[in-house]
Amino acid sequence: MLEDFRADVRRYRSMPGYRGLLWWMLDQSFWVILCYRLLATARGTRLHAPLRVFEKLAEFVHKCYLPTTATIGPGLVIYHAFGIIVNGKTTIGANCTLYARVCIGNRWPGDGTPVIGNNVTIGTGACIFGPVVIPDNFVVKANAVITPSSLTTPPAGASS
């Protein structure tokens, strides 16, 4: 956990416009990532279930849901953490960037969840739903909606 958080900090420091760690610590994104990294260390232990109460508290305070059951690689950068929702079964690779109001999850209960590769940037308002794989070094543009191909399930009223 600590090494992943150090990678997050190193990535922030390497980005243009970085104004110092104190400035970043005043940003909500710092606290969202720190809460996720701290609480995720309990995953797989007897403490995980009781600590999920703090996960919900962090969601309430930060208006951003990064559940500790999601797998998120090191080097995460979040700009404007407000409104980000990530499904607990999602996998996000290393060095990914999330912008405000990103939604990553399933389309309905029991549906698969996205797997996000390394070095992926997900723009403001983008939604990624269902069992899709976003490849390494991909940019999901702002307000994009990505779902599995509709060819496998014809829309209602379509003839075969």
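Read on for an overview of the structure. In this text, all values refer to a predicted model and were calculated from it rather than measured experimentally.

## Things to note about the overall build of the chain
A count of helical and extended segments in the chain gives four helices and 12 strands. Radius of gyration (C-alpha) of the chain: 16 Å, near the 15 Å computed for a compact globule of 160 residues. Dimensions along the principal axes, computed over C-alpha positions, put the chain at roughly 60 × 40 × 25 Å. With 160 residues in all, the chain has 42% of them scored as buried. Per element, the accessible surface of the chain, about 9,000 Å² overall, is 63% carbon and sulfur.

## Brief notes about the environment of Ser 149
With respect to the helices, strands and loops of the structure, Ser 149 is situated in the segment after strand 12 (145–146). The exposure class assigned to Ser 149 is partly exposed, which follows from its relative accessible area of 41%. On a C-alpha basis, the gap between Ser 149 and Gly 130 in space is 10.0 Å, while along the polypeptide they are 19 residues apart.

## What to know about helix 4 (residues 48–62)
Under the 1.5 Å per step criterion, the end-to-end length of helix 4 is 20 Å for 15 residues, consistent within 8% with the ideal 21 Å. Those residues of helix 4 lying buried are His 48, Glu 55, Ala 58 and His 62. Across the axial projection of helix 4, the buried residues extend over an arc of 60°, all falling on one side. Counted as exposed and oriented over 90 degrees from the buried face of helix 4: Ala 49, Val 53, Phe 60 and Val 61. Each element contacted by the buried residues of helix 4 is listed here: helix 3 (28–40). At the exit of helix 4 stands Lys 63, carrying a positive phi of roughly 55°.

## Some remarks on the pattern of salt bridges
Enumeration over the complete set of coordinates arrives at seven salt bridges. When the shortest N-O distance is used, the salt bridge between Arg 6 and Glu 3 registers 3.6 Å. Of this pair, Arg 6 and Glu 3 both sit in helix 1 (residues 2–14), three residues apart, roughly one helical turn. According to the relative accessible area criterion, Arg 6 is partly exposed, its value standing at 43%. Of the residues examined, Glu 3 reaches a relative accessible area of 45% and is grouped as partly exposed. Two residues, Lys 56 and Glu 59, come together in a salt bridge whose shortest N-O distance is 2.6 Å. Residue Lys 56 and its partner Glu 59 are located together in helix 4, separated by three residues, close to a single helical turn. Taking relative accessible area as the criterion, Glu 59 reaches 25% and is therefore assigned partly exposed. One network of salt bridges, with partners in common, ties together Glu 3, Arg 6 and Arg 10.

Conventions we followed
Residues numbered from 1 in each chain as written. Predicted model: local features only at pLDDT ≥ 70, side-chain atom pairs only at ≥ 80, totals over all residues. Heavy atoms only, no water. Helix = DSSP H or I, 4+ residues; strand = E, 2+ residues; numbered from the N terminus. Rg over C-alpha atoms; globule rule 2.2 N^0.38 Å. Buried < 20%, exposed > 50% of the residue type's maximum accessible area, 1.4 Å probe, protein only. Areas by Shrake-Rupley, 256 points an atom, 1.4 Å probe, with all protein chains shown as cover. Expected span 1.5 Å × (residues − 1). Arc of directions from axis to C-beta. Contact = heavy atoms within 4.5 Å. Salt bridge = Lys/Arg side-chain N within 4 Å of Asp/Glu carboxyl O.

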